[in-house]
Amino acid sequence: MVGAQLLDERKMKILQAIIHNYLETGEPVGSRTISKYTDLNLSSATIRNEMADLEELGYILQPHTSAGRIPSDKGYRLYVDNMMQEKEKEVEEIKGMLLEREDRMEQLLKQVARLLAANTNYATMISAPQTRKNKLKFIQLSKMDARQLLAVIVAEGNVIRNNMLQMEEELDDETILKLNILLNTHLNGLSAEEINLGMIAAMKRQAGIHSDIVSEVIDAVADAIKADEDLEIYTSGTNNIFRYPELADNRKASELINTFEEKQMLTELVRETLADESNTGIQVYIGEETPIRTMKDCSIVTATYELEEGMRGTIGIIGPTRMDYDKVVDTLKTLMHQLDTLYKKR
């Protein structure tokens, strides 16, 4: 970029520090503040000289004599153009990786369910990993047309959400750039629990007449970084139920097959299992202990597996109460380890 070529790395870091500090405090930024704010290990005199160069180049302004500096629109533009260039590249890389990883994960989980069913001669289920305590990586606002903004929200675990925001009036490019900086400065790296009312109020004050946009983006962020609403469950071996006379009469078999096909009650079982964050072991439900009404004549053995970035899922084996518990528990213990290893290698 032409603007970036005019600044060496040191000046760019000082400009970034000025912008970050000004957005946080709303006060002009002095050289002494910058010397504490950056990792450049420069003297205040050197920083003052660099700030003078930045001012001469038009990237920062001095609102009045003896005051610190504030970013100019040109400074915002350079900062955001560089940031967005990096983020757009990261978005594309993440999208490609996400599609590739989701495809491989889906195939892997389906294969695991089939192998489990074949190995145990019982019915099996496995849920795709869900992210918990997710943190925001960055936000990118882009104008789609005169009255629409696209908010791209990227969270840890390669979660990407696109939200269309309707605006009452058209925003110019500089306003959108400043909103991008405001949102990213305050929210990047935070989980939903860390975004509090005081922080939101401060951001809305800084956004002024555009506080409604900040509110909408924060709502979208909360949706993106909370646990996924859609829970994917893969099943296999349903026909194994007919191997066991106590489960094979028409009514019981029909109810069990419907449970596996509709998956709603399986989803509730998985959510209940994952809700307990301390539950990373194996749970055994026998007969009446089973939380699924249609499986009161069955036993369910579940295991919670945990992958990187707080991603957790549930593996379950469903069979008669006379199932071979030793074999099932040993199989699940082995599988938990193998799934963890396989996933991290992929």
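Residues numbered from 1 in each chain as written. Predicted model: local features only at pLDDT ≥ 70, side-chain atom pairs only at ≥ 80, totals over all residues. Heavy atoms only, no water.

**Student:** Any details on the overall build of the chain? Residues and values, ideally.
**Tutor:** Tallying secondary structure elements over the chain gives eleven helices and eleven strands in all. Within the span of the chain, comprising 346 residues, buried residues form 47% of the whole. Excluding contacts between residues fewer than 6 apart, the proportion of contacts in the chain whose partners are at least 24 apart in sequence is 63%. Accessible surface computed for the chain: about 17,400 Å², of which carbon and sulfur atoms make up 46%. (Helix = DSSP H or I, 4+ residues; strand = E, 2+ residues; numbered from the N terminus. Buried < 20%, exposed > 50% of the residue type's maximum accessible area, 1.4 Å probe, protein only. Contact = heavy atoms within 4.5 Å. Areas by Shrake-Rupley, 256 points an atom, 1.4 Å probe, with all protein chains shown as cover.)

**Student:** Can you explain the side chain of T294? Please cite residues and give values.
**Tutor:** As for its placement among the helices and strands, T294 is situated in the loop between β9 (282-286) and β10 (298-306). Among the residues examined, T294 registers a relative accessible area of 11% and is labelled buried. Polar contacts involving the side chain of T294 include one to the side chain of T259, which spans 2.7 Å. Each residue touching T294, except ones within four places of it in the same chain, is listed here: E255, L256, T259 and M265. (Polar contact = N/O pair within 3.5 Å; in protein donor to acceptor, adjacent residues only side chain to side chain.)

**Student:** How would you sum up the nonpolar core? Please name residues and give values.
**Tutor:** Core analysis: the largest hydrophobic core is formed by 26 residues, its most contacted members being L141 and L187. Looking at this core, the elements with two or more residues in it are β5 (136-145), β6 (148-155), α6 (173-187), α7 (197-207) and α8 (211-225). Sorting elements by how many residues they give to this core places α8 first, with six residues. In contact with L141, other than residues within four places in its own chain, are L149, L150, A151, L165, I176, L179, N180, L183 and V217. Listed in part, the 22 residues of the second largest apolar core include I47, L54, I60 and V80. (Core = buried A, V, L, I, M, F, W, Y, C linked by side-chain atoms within 4.5 Å.)

**Student:** Residues and numbers for a negative patch on the surface, please.
**Tutor:** Side chains of E168, E169, D212, E216 and D219 sit close together on the surface and give a patch of like negative charge. Considering the arrangement of structural elements, one finds E168 in the loop between β7 (159-166) and α6. Judged by its relative accessible area of 72%, E168 is exposed. (Patch = residues over 30% accessible without salt bridge, like charges linked within 9 Å, V, L, I, M, F, W, Y side chains within 5 Å. Salt bridge = Lys/Arg side-chain N within 4 Å of Asp/Glu carboxyl O. Lys, Arg positive; Asp, Glu negative; His and termini not counted. Charge placed at Lys NZ, Arg CZ, Asp CG, Glu CD.)

**Student:** Describe the pairing of β6, naming the residues involved and giving the relevant values.
**Tutor:** Along any regular strand the residues' side chains alternate between the sheet's two faces. Counting buried residues along β6, seven of its eight residues qualify, which places the element largely inside the surrounding structure. As paired elements, β5 and β6 share eight bridges and run antiparallel to each other. Residue pairing in the sheet places K143 in a bridge with L149 of β6. In this structure, the hairpin formed by β5 and β6 is closed by a connection of two residues. (Pairing = 2+ DSSP bridges.)

**Student:** Go over α6, please, and point to the residues and values.
**Tutor:** Taking 1.5 Å per residue, 15 residues should reach 21 Å; α6 reaches 21 Å between its end C-alpha atoms and fits that length. Phi turns positive one or two residues past the end of α6, at G189, with a value near 85°. (Expected span 1.5 Å × (residues − 1).)

**Student:** Summarise the confidence of the model for the chain; cite the residues concerned and give the values.
**Tutor:** For the chain, mean pLDDT is 79; residues scoring 70 or higher make up 82% of the total. The least confident element of the chain, judged by mean pLDDT, is helix α1 (residues 2-5) at 44; the most confident is strand β1 (residues 60-61) at 90. The low-confidence segment residues 1-5, where pLDDT is below 50, has seven contacts with residues more than four positions distant or belonging to other chains. (pLDDT = per-residue confidence, 0-100.)

**Student:** How would you sum up the side chain of S31? Please name residues and give values.
**Tutor:** Within the secondary structure, S31 is located in helix α3 (residues 31-37). In this structure S31 comes out as buried when scored by relative accessible area, which is 12%. Residue contacts for S31: discarding those within four places in its chain leaves S44, I47, R48 and M51.

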